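What follows is the residue order along each chain.
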Amino acid sequence: MTFRKKLVMTTIAASVAATAFAGIPLSSKGLAEKLGVSSVAYAAASETHASYIEKARKFYNALAQDPAGLKDVNDFKAQVAQLLSDKPEIIDPIVKVLGDDKAEFTAMIIDILSTSLDSNWETHFKDLRGEYNDFLKSLVPEGYELTVDDIAGTILDLETALVPLSLGILDKTGTELHDIIKGAVVNPNVIALEKYYDVEQFDFVDVYKAVFNEKAISKELALNAFSALEKAHKIAFPVDSGNGGNFGGGGAPSVTVPLPANVNALLDNLKAALEKATDAEKAAIIEKFVKDAQAAINTLAVVDASSSVSVVNGEAVLKLDDAKVLTVIAGIEALAIKVKEIAPKAVLTNLGLTFNLGAVSQKAFVLNLSEAVVKAGASANLTGSKFIVDKFEVTTPFGGTFSSVLALTVKASDATEAEVGALKSASSVYDFNLTVGGTATTSFSEPIVVSIPLGSIDGLDKELLSVAKIVNGKLEFHGGRVKGSSIVESRDSFSSYVVVENKVSFNDIASVQAWAGRQIEVIAAKGAIEGKAAGKFAPKDNVTRAEFAKMLIRGLDLENASATASFDDVKAGDWFAPYVAAATKLGIINGRTATKFDPNATITRAEMATMIARALKVTTGAADVADEAAALKGFADAAKINPTLKAGVAFAANEGIVIGANGKFLPNDKANRAEAAVIIYRAINFGE
């Protein structure tokens, strides 16, 4: 693609990205005639300026019905605008080709994002068009015209397709997002322009994902804003008149699904109660509804699937009744939307499905979910589907890799010496095979959680049990947490797995045995830390940033094969690359700069405490301590803690994860491997 062609398309992509963030469409005007699309076809498929403005008014009026949601949208827009002001390099994929015009184009995007959605939004956007139209015209080839109006006809379609994904946008690959966008773009002038320039992918995909990966973006606020946007779309542009959930996307036909009777009753009773209530009574009515809604969701979410299992060729095969499952999903979604509407700060739990197959005598079973169920679950923002087969459990997420019909086959067999060698097995060997959309899939954008039942563990050390992946006849240890009579592990790829007792010994840890010996043994058993050589742990050696990334990700079960690192000093083939990628994606570890991770640099105790704190917030939902000063008052050297690290140190100290010595925290001392093993051990056992 030539520079000028690329320039035009990055301009279009950036405008689409900016207005999609803004949540409000602009107006419409085409390039159809210039690009050879017939005026008849254009008139049939696109909107006039007046009708498009009318649509935009409908959208704003719908959003304004939820003042709290409108505030969330405006606050989120402002947060993104501030992020781009602070880190303009985030939008480099769509502005780097602009040369001297890059700064002005970035300013335009920030101006759009900074514009609040209010009763004067039409005037605000008219001013923006007046300010930037001449600038945009200067970017296109001679003989063509480009204004912000030219691309606005695609915005509502893009929002319809992307907004229901919520933060699931992070689960999508660039190709998947491109496919969604391509299916949503129906405006013929944009389609013609895309074909004319032979564009393969919208550049704003990378920007969209990068923004939501930034720690400065509140995931809670983003979810609230997306929820408000989605609700407004459903009000302004209903695709059917039924009471059920709408599970289409990108303008596709919607399926009308009836709500469960108890959900309809709850919603009807709430409406009647609120109509009769005084202002003083409404708070109690809403509080009761939230509790009743949670109870109803808890009941709806658990589906007895035992009658949906049949035996085919010696395998137990699950085939669900889609109509019943879609009704369950519609019920959960309707309750969640209503709770969000009347009690925005309320938090609902258990927003996932559980299918209980009961006791199955077959050693192999096939778990199926139809495309309709998968898409409905993702659209309703459900977390995933848990399948319980006797004592075995596996949970698949909705969205990302899991966006089409899926079939998961699990086969259990007795562990043999050829598979586990001299180690003692504590479970059967489980072999997993997954197809998504009929295609064999071995790695996922978000992990599958497996709960493997343990056999007899008499005489085995429970803390040394680890889930091991069988790779070419060798065992690769991935840890896992023993809960009751099972071990739970998240997996971002599939193969064959078995639980074994993994005893690892080192002959150089006598000096730290009293306070770190057991912890080193356990963390090594989980595969989170390895020796420097056979039998050598090197407990006093300093810990590098790359080493600690692996300890954290392996120890806390956060591996993600789909994550990628974008640092110049982290190459795809580096042993630490997948751990750095997973840690940075989660915001646990940041680069030293936008392009440098500095993997071989050593970390301090304060840095280690901060990374642990961030990781536990991800895995357990833990929150910062309310009073940092109180948490740190016992340390004489608290003033030496870098201000950006104080929250993490306060959390780690308050929870007893990182402990000081002789009244000091020693924040700037280099952390050694023995210390790292101890705090990873404590983190693994946090909350237990």
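Above this text sits the structure in question.
Below is a summary of the structure that appears in this document. Computed from a prediction, not measured in an experiment: that's the story for all the values here.

1. Some words on the overall build of the protein
What the protein contains, in helices and strands, is 25 helices and 17 strands. Taken over 688 residues, the protein has a buried fraction of 53%. For the protein, the proportion of contacts with a sequence separation of at least 24, taken over those separated by at least 6, is 76%.

2. Here we look at the pattern of salt bridges
Per the stated rule, a full pass over the model turns up 23 salt bridges. With a closest N to O distance of 2.6 Å, Lys 288 and Asp 292 form a salt bridge. Taken together, the residues Lys 288 and Asp 292, both in helix 15 (residues 279-301) and four residues apart, mark about one turn of the helix. In this structure Lys 288 comes out as exposed when scored by relative accessible area, which is 52%. For Asp 292, a relative accessible area of 27% puts it in the partly exposed group.

3. What to know about the nonpolar core
Ranked by size, the top nonpolar core spans 70 residues in total, and within it Leu 335 and Phe 355 carry the most contacts. No other element matches the 10 residues that helix 16 (residues 322-342) contributes to this core. Apart from residues lying up to four places away in sequence, Leu 335 is in contact with Val 263, Leu 266, Leu 267, Phe 289, Ala 293, Ala 296, Ile 297 and Leu 300. Ranked by size, the runner-up nonpolar core spans 69 residues in total, among them Ile 523, Phe 548, Phe 576 and Ala 609.

4. Some details on the side chain of Ser 466
With respect to the secondary-structure elements, Ser 466 resides in strand 13 (residues 465-471). The residues touching Ser 466, leaving out its near neighbours within four places in the chain, are Phe 477, His 478, Gly 479, Ile 487, Val 498, Val 499, Val 500, Ala 525 and Lys 526.

5. Overview of helix 21 (residues 577-585)
Most of helix 21 sits out of view: seven of its nine residues are buried. Looking only at helix 21, the buried set comprises Ala 577, Tyr 579, Val 580, Ala 581, Ala 582, Ala 583 and Thr 584. Its buried side turned inward, helix 21 meets helix 20 (545-555). Immediately beyond the C-terminal end of helix 21, within one or two residues, lies Gly 587, with a positive phi of roughly 75°.

6. Thoughts on the sheet that holds strand 16 (residues 486-493)
What the seven strands build is an open sheet, ordered 1-4-6-7-12-16-15; its pairing is mixed. Only two strands of the sheet have a single partner each, and these edge strands are strand 1 (302-304) and strand 15 (481-483). Strand-to-strand, the axes of this sheet are offset by a mean angle of 20°, without reference to chain direction.

7. Quick notes on the environment of Ser 385
By the element assignment, Ser 385 lies in strand 6 (residues 384-389). Overall, Ser 385 belongs to the buried group, its relative accessible area being 0%. Separated by 31 residues in the primary sequence, Ser 385 and Thr 354 have C-alpha atoms spaced 5.7 Å apart. Residue contacts for Ser 385: discarding those within four places in its chain leaves Leu 353, Phe 355, Leu 369, Val 394, Thr 395, Thr 396 and Phe 398.

8. What about the packing of helix 20 against helix 25 (residues 673-684)?
The interhelical angle for the contact between helix 20 and helix 25, taken along N-to-C directions, is 25°, at an axis separation of 10 Å. Relative to helix 25, helix 20 is oriented roughly parallel. Our pair here, helix 20 against helix 25, has a crossing hand that is right-handed. For the pair helix 20 and helix 25, the contacting residues are Glu 547, Phe 548, Met 551, Leu 552 and Gly 555 in the first and Arg 673, Ala 676, Ile 679, Ile 680 and Ile 684 in the second. By residue class, the composition of the contact of helix 20 with helix 25 is seven nonpolar, one polar and two charged.

So, how was this worked out
- Counting restarts for each chain, with residues numbered from 1 along the sequence as it is written.
- Totals for whole chains, interfaces and linings use every residue, but because this is a predicted model, local features are given only for residues with pLDDT of at least 70 and side-chain atom pairs only at 80 or more, for both listing and counting.
- Side-chain numbers here rest on the full set of heavy atoms in the structure, without hydrogens or water.
- Labels follow the DSSP assignment, with helices taken as runs of H or I lasting at least four residues and strands as runs of E lasting at least two, numbered in each case from the N terminus.
- Buried, partly exposed and exposed residues are distinguished by accessible area as a fraction of the type maximum, computed with a 1.4 Å probe on protein chains only: under 20%, between the cut-offs, and over 50%, respectively.
- We call two residues contacting when some pair of their heavy atoms lies within 4.5 Å.
- In what follows, salt bridge is the name for a side-chain nitrogen of Lys or Arg lying within 4 Å of a carboxyl oxygen of Asp or Glu.
- In this text, buried Ala, Val, Leu, Ile, Met, Phe, Trp, Tyr and Cys residues form a nonpolar core when linked through side-chain atoms within 4.5 Å.
- When DSSP locates at least two bridges between a pair of strands, those strands are taken to pair.
- Every axis in this analysis is a line fitted to C-alpha atoms, fitted for helices over the stretch in contact. Angles between the N-to-C directions lie between 0 and 180 degrees.
- In these notes the angle categories are as follows: under 35 degrees is roughly parallel, over 145 is roughly antiparallel, 65 to 115 is roughly perpendicular, and the rest is oblique.
- If you view the pair so one helix is near and one far, a crossing is left-handed when the near helix is turned anticlockwise from the far one by less than a right angle, and right-handed when it is turned clockwise.
- For this classification, the nonpolar set comprises Ala, Val, Leu, Ile, Met, Phe, Trp, Tyr, Cys and Pro, the charged set comprises Asp, Glu, Lys and Arg, and every other residue, Gly included, is treated as polar.

Functional significance is not addressed by these values, which are geometric in nature.
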